[in-house]
Amino acid sequence: TVHQPPSNSFVNGDGIVLQWFGSTGAQLYDVYLGTTNPPIDLIAQDITGNSYTVNGLTNGDTYYWYVVAKNAAGLSPNCAIQNFTTAHIWTGAVNS
């Protein structure tokens, strides 16, 4: 099950950490991400952990992503497709 960032959220477009819960028996994960639904671009293959950091996304675009768990027996069904929109999130002070 995918859980970060939450679906339909707005996030800063740099250094986005995609996180998911591990699947029982999974040894590796493949991560797909793109601006089409479903995403077709394999952006990371054979990840051993439960997260992957994505850099260089374009602000103002909606991205879709999902994870496929793998082990010696084969591939799991794809997890649910999640989405987020990149936006510059202002964190500085406002001068008045």
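About the criteria used
Residues numbered from 1 in each chain as written. Predicted model: local features only at pLDDT ≥ 70, side-chain atom pairs only at ≥ 80, totals over all residues. Heavy atoms only, no water. Salt bridge = Lys/Arg side-chain N within 4 Å of Asp/Glu carboxyl O. Helix = DSSP H or I, 4+ residues; strand = E, 2+ residues; numbered from the N terminus. Buried < 20%, exposed > 50% of the residue type's maximum accessible area, 1.4 Å probe, protein only. Phe/Tyr/Trp six-rings, centres within 6.5 Å; stacked < 30°, edge-to-face > 60°. Polar contact = N/O pair within 3.5 Å; in protein donor to acceptor, adjacent residues only side chain to side chain. Contact = heavy atoms within 4.5 Å.

Caption draft 1: Seen up close, the pattern of salt bridges. Counting across every chain of the model gives two salt bridges. With its nearest N and O atoms 3.1 Å apart, the salt bridge here joins Lys-70 to Asp-30. Of this pair, Lys-70 sits in strand β7 (residues 62-71) while Asp-30 sits in strand β4 (residues 28-34); the two residues are 40 residues apart in sequence, bridging distant segments of the chain. Overall, Asp-30 belongs to the buried group, its relative accessible area being 6%. The residue Lys-70 makes a salt bridge to Asp-46 at a minimum N-O spacing of 2.5 Å. One end of the pair, Lys-70, is in strand β7; the other, Asp-46, is in strand β5 (residues 42-47), with 24 residues separating them in the sequence. Accessibility expressed as a relative area gives 39% for Asp-46, which makes it partly exposed.

Caption draft 2: Structural detail: the packing of aromatic side chains. A full pass over the atoms with the stated rule returns four aromatic pairs. When the ring of Tyr-32 is compared with that of Tyr-66, the centres are 4.9 Å apart and the planes differ by 10°; the resulting orientation is stacked. Separated by 34 residues along the polypeptide, Tyr-32 in strand β4 and Tyr-66 in strand β7 bring together distant segments of the chain. There is no split in this pair, since Tyr-32 and Tyr-66 are both buried.

Caption draft 3: Up close: unusual backbone geometry. A cis geometry characterises the amide bond from Asn-37 onward to Pro-38, with omega recorded as 5°. Within the fold, Pro-38 resides in the loop between β4 and β5. Of note in the backbone geometry, Asp-46 takes a positive phi value of approximately 60° without being a glycine.

Caption draft 4: Just the side chain of Lys-70, in detail. Take Lys-70: its relative accessible area is 14%, and that puts it in the buried class. Here Asp-46 takes part through its side chain, which lies 2.5 Å from a polar atom of the side chain of Lys-70. Setting aside chain neighbours within four positions, we find Lys-70 in contact with Ala-26, Gln-27, Leu-28, Asp-30, Gln-45, Asp-46 and Leu-75.

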